[in-house]
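# Structural overview for review
For reference, the chains in residue letters:
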Amino acid sequence: MKKLKYDPLNIVICGIGGQGNVLASELVASTMTELGYHVAVGETYGASQRGGSVMSHVRISETEELGVLISHGEGNFIIGFEPLETLRIAREYSNSETVIIYDPRPVYPLGVLKGTQVYPEMEAMKEELKELSAKAYEVPVAEITLETGNSKAANIALLGAFSRLPGAPLSSEELREVLTTRFKGDVLEMNLKAFDLGCKAIDDMDDSGAESGR
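What counts as what
- Residues numbered from 1 in each chain as written.
- Predicted model: local features only at pLDDT ≥ 70, side-chain atom pairs only at ≥ 80, totals over all residues.
- Heavy atoms only, no water.
- Helix = DSSP H or I, 4+ residues; strand = E, 2+ residues; numbered from the N terminus.
- Rg over C-alpha atoms; globule rule 2.2 N^0.38 Å.
- Buried < 20%, exposed > 50% of the residue type's maximum accessible area, 1.4 Å probe, protein only.
- Contact = heavy atoms within 4.5 Å.
- Expected span 1.5 Å × (residues − 1).
- Axes fitted to C-alpha atoms, helices over the stretch in contact; angles between N-to-C directions.
- Parallel < 35°, antiparallel > 145°, perpendicular 65-115°, else oblique.
- Left-handed = near helix turned anticlockwise from the far one by under 90°.
- Nonpolar A, V, L, I, M, F, W, Y, C, P; charged D, E, K, R; others polar.
- Phe/Tyr/Trp six-rings, centres within 6.5 Å; stacked < 30°, edge-to-face > 60°.

Let us look at the overall build of the chain. Secondary structure assignment for the chain yields eight helices and seven strands. Whereas a compact globule of 214 residues would reach a radius of gyration of roughly 17 Å, the chain reaches 16 Å, a difference of no more than 12%. Projected onto its principal axes, the C-alpha positions of the chain cover 50 × 40 × 35 Å. Expressed as a percentage of its 214 residues, the buried residues of the chain come to 49%.

Here it is in structure tokens:
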């Protein structure tokens, strides 16, 4: 069993209903459970069937049973499937050592589409994410899903990227193995391609690929 960088290690996975948030959290949790860790998962939902907020707390320990909810300011990793949702969660759960990894593609709320609300300026959000974290990794998920031909594989691509981060609790090999047990045929091949491209996105980054904050 690999020693965790933090114990407990707290991961917040956030996004919009329909983006695969729950599957991503379940894959991380089941992988860590199979490796022998104590794992607790808590989930909160907005109007998820209508594109509302979805957030999962994944808590991992080598030695102790844990409660399911992460306390304010105690997130070690934040995995975000949508930039505004990532920022909202970072404001509540990040600290000076938090590492954020996120898809920068916006999903516009209905009010924005109707012209009654204004979506925040992207560069301002990126700058705040940088300031709220130790590192903020922006992963080109749109390019990855275009290359795989599977728009639903964004969550798998982000998990691949997550597995390459310093201090991540699981390796790419461990998570990839779980994918092979969960999916079959063409779906497996598309997901593995998205996963590998997510890994590569992090591997190809130089020091400028992740924005350093406080």
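Here the narrative resumes.
Attention now moves to the environment of Pro 106. Examined against the element boundaries, Pro 106 turns out to sit in the loop between strand E5 (99–102) and helix H3 (110–114). By relative accessible area, which is 28% here, Pro 106 ends up partly exposed. For the pair Pro 106 and Phe 81, spaced 25 residues apart in sequence, the C-alpha to C-alpha distance is 9.0 Å. Ignoring anything within four residues of it in the chain, the contact list for Pro 106 reads Glu 82, Pro 83, Tyr 119 and Met 122.

Quick look at helix H1 (residues 21–34) now. Taking 1.5 Å of rise per residue, the 14 residues of H1 would be expected to cover 20 Å, and the 20 Å separating its terminal C-alpha atoms lies within 8% of that figure. Where H1 is concerned, the buried positions are Asn 21, Ala 24, Ser 25, Leu 27, Val 28, Ala 29, Ser 30, Thr 31 and Met 32. Immediately downstream of H1, the backbone of Gly 36 shows phi near 100 degrees, a positive value.

Moving on to the packing of helix H6 (residues 154–163) against helix H8 (residues 185–203). Viewed as axis vectors pointing N to C, H6 and H8 meet at an angle of 40 degrees, and their least axial separation amounts to 7 Å. Viewed along their axes, H6 and H8 adopt a mutual orientation that is oblique. In this structure, H6 crosses over H8, and the sense of that crossing is right-handed. Across from Ile 156, Ala 157, Leu 159, Gly 160, Ala 161 and Ser 163 in H6, the residues of H8 making contact are Asn 191, Ala 194, Phe 195, Gly 198, Cys 199 and Ile 202. Broken down by class, the residue content of the contact of H6 with H8 amounts to eight nonpolar, four polar and no charged.

Moving on: the environment of Gly 198. Topologically, Gly 198 is positioned in helix H8. Residue class for Gly 198 comes out buried when judged on its relative accessible area of 0%. Between the C-alpha atoms of Gly 198 and Leu 175, which are 23 residues apart in sequence, the distance is 12 Å. Beyond its immediate chain neighbours, meaning those up to four positions away, Gly 198 contacts Ile 144, Ala 157, Gly 160 and Ala 161.

Below, the discussion takes up the packing of aromatic side chains. Across all of its chains, the model carries two aromatic pairs by this definition. Judged by centre distance (5.2 Å) and plane angle (85 degrees), the rings of Phe 77 and Phe 162 are edge-to-face. Here Phe 77 is found in strand E4 (residues 77–80), whereas its partner Phe 162 is found in helix H6, with 85 residues between them in sequence. With 5.0 Å between their ring centres and 80 degrees between their planes, Tyr 108 and Tyr 119 make a pair best called edge-to-face.

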